[in-house]
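Okay, here's what each chain looks like letter by letter:
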Amino acid sequence: MKTKGKIIINDVGPRDGLQNQKKHLSVDERVALINALVAAGLPAIEVGAFVSPKAVPAMAGTDEVIHQLEAKDKVAYSVLIPNERGFSTGVELNVPLMSLVVAASTTMNEKNIRMTTNQALSMSSDVLALATQLNRRVQAYVATAWECPFEGHISVDEVIKVSAALLDAGAAHIVVADTIGAASPDQVHYVMSKMVSEFGANKLSCHFHDTRAMGVANVYAAIEAGIRQFDASIAGLGGCPFAPGATGNVATEDVVLLVEQMGYSTGIDMGLLLAASDKAKALTGTARGGHAKTWLEQQENKRGSK
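Residues numbered from 1 in each chain as written. Predicted model: local features only at pLDDT ≥ 70, side-chain atom pairs only at ≥ 80, totals over all residues. Heavy atoms only, no water.

Asker: Run through the environment of Asn-218, naming residues and quoting values.
Answerer: Counting through the fold element by element, Asn-218 comes out in helix 9 (residues 215-224). In the structure, Asn-218 is positioned 40 residues away from Asp-178 in sequence and 9.7 Å away in space, judged by C-alpha atoms. Residue contacts for Asn-218: discarding those within four places in its chain leaves Asp-178, Ala-183, Ser-184, Pro-185, Val-188 and Phe-208. From its side chain, Asn-218 meets the backbone oxygen of Ala-183 in a polar contact 3.1 Å long. (Helix = DSSP H or I, 4+ residues; strand = E, 2+ residues; numbered from the N terminus. Contact = heavy atoms within 4.5 Å. Polar contact = N/O pair within 3.5 Å; in protein donor to acceptor, adjacent residues only side chain to side chain.)

Next up, the structure:
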């Protein structure tokens, strides 16, 4: 059967999924989770962050994780960087894609990186200028794109303004993030339609949290607005230590089910993805799995018994 096209899923479980867990996984455990995702056919994986281990202890040893990665020619690995120092580390380790984060609200930037939005944009511009000189790919997350836990509703004009500044400075891509999972599908469709009209769909991804159980519906709304690239987190792991109310990301298994039932292809093996979800649960003890996991497991068992 001919598909409508491909949707790219970037699994952020090994970074965004693990950063707020009470149990901090060892380097070997994190690598094992990443390898399970690679085996399932994930085309892109966020593997860690070059941040202070005092601020985010769960990400300590990301350099060691990088050294142990397999299939570097087949998977688009990425790492979160907070500043130029993180960028320099990424360059030294030859990380193919690095991600900056700038919130659309000043209060969130102050809480997260201790900068105003203007200061965050200035710092990001310096990093992006250096990335352009060194021919390195750096993308930018625009966080709290719908709602801020401190300021409330964020206007689409502010999201466009911050995104335009980052793209003008040299960002390779913009990931529009609903950091606390506050957006509704109609709001997602409205904002992403505006963003697609302004910048084109190829420059944009979406990142949703499932705080209010609207993560999958929001993915659908973004697809309808033209978006074809999404972050998701294996087994629904996630949460931001600097954003009150941010619970798990939308689960990768739920997103894959949605987009493939809509007629798109992902290149992901559902049976192996469920095995990766089981591994995430075993390693953390807290991963809930996707909303559809029980049903998906039943279907896999039926296939296996034939």
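Asker: So, the pattern of salt bridges: which residues are in play, and what are the values?
Answerer: Any two side chains of opposite charge can pair, given that their charged atoms come close. The tally for this structure, following the rule as stated, stands at 6 salt bridges. For Arg-288, the salt bridge goes to Asp-210, with nearest N and O atoms at 3.5 Å. With Arg-288 in the loop between helix 11 (270-284) and helix 12 (293-305) and Asp-210 in the loop between strand 9 (204-208) and helix 9, the pair connects residues that are 78 residues apart, well separated along the chain. Asp-278 serves as the salt-bridge partner of Lys-293, at 2.6 Å between the closest nitrogen and oxygen. Of this pair, Lys-293 sits in helix 12 while Asp-278 sits in helix 11, and the two are 15 residues apart along the sequence. In this structure Lys-293 comes out as buried when scored by relative accessible area, which is 9%. Assessed through its relative accessible area of 39%, Asp-278 is described here as partly exposed. Linked by salt bridges that have partners in common, Arg-15, Asp-16 and Glu-46 make up one network. (Salt bridge = Lys/Arg side-chain N within 4 Å of Asp/Glu carboxyl O. Buried < 20%, exposed > 50% of the residue type's maximum accessible area, 1.4 Å probe, protein only.)

Asker: An account of the environment of Thr-116 is requested, with residue identities and associated values reported.
Answerer: Secondary-structure assignment places Thr-116 in the loop between helix 5 (106-113) and helix 6 (117-134). The partly exposed category is assigned to Thr-116, whose relative accessible area is 27%. For Thr-116 and Asp-278, which are 162 residues apart along the polypeptide, the C-alpha to C-alpha distance reads 40 Å. Excluding residues that lie within four positions of it along the chain, Thr-116 makes contacts with Thr-106, Asn-109 and Glu-110.

Asker: Hey, could you go over the pairing of strand 9 for me, with residue numbers and the actual values?
Answerer: Of all the 5 residues making up strand 9, 5 are buried; the element is thus mostly covered by neighbouring parts of the structure. In strand 9, alternate side chains face the same way, and those of Leu-204, Cys-206 and Phe-208 on one face and Ser-205 and His-207 on the other are all buried. In this sheet, strand 9 lies alongside strand 8 (residues 174-178) in parallel orientation, the contact comprising 5 bridges. Following the sheet pairing, Val-175 is matched in strand 9 by Ser-205. In the sheet, strand 9 pairs with strand 10 (residues 229-232) via 2 bridges, with the strands oriented parallel. Each residue of the ladder has a partner; that of His-207, found in strand 10, is Asp-231. (Pairing = 2+ DSSP bridges.)

Asker: Residues and numbers for the pairing of strand 10, please.
Answerer: Along a regular strand, successive side chains alternate from one face of the sheet to the other. The pairing of strand 1 (residues 8-11) with strand 10 spans 4 bridges and is classified as parallel. Note that in strand 10 the partner of Ile-8 across the bridge is Gln-229. The handedness of the strand 9 to strand 10 crossover, carried by helix 9, is right-handed. (Right-handed = clockwise from strand over helix to strand, strands pointing away.)

That's the geometry; what it means functionally is another story.
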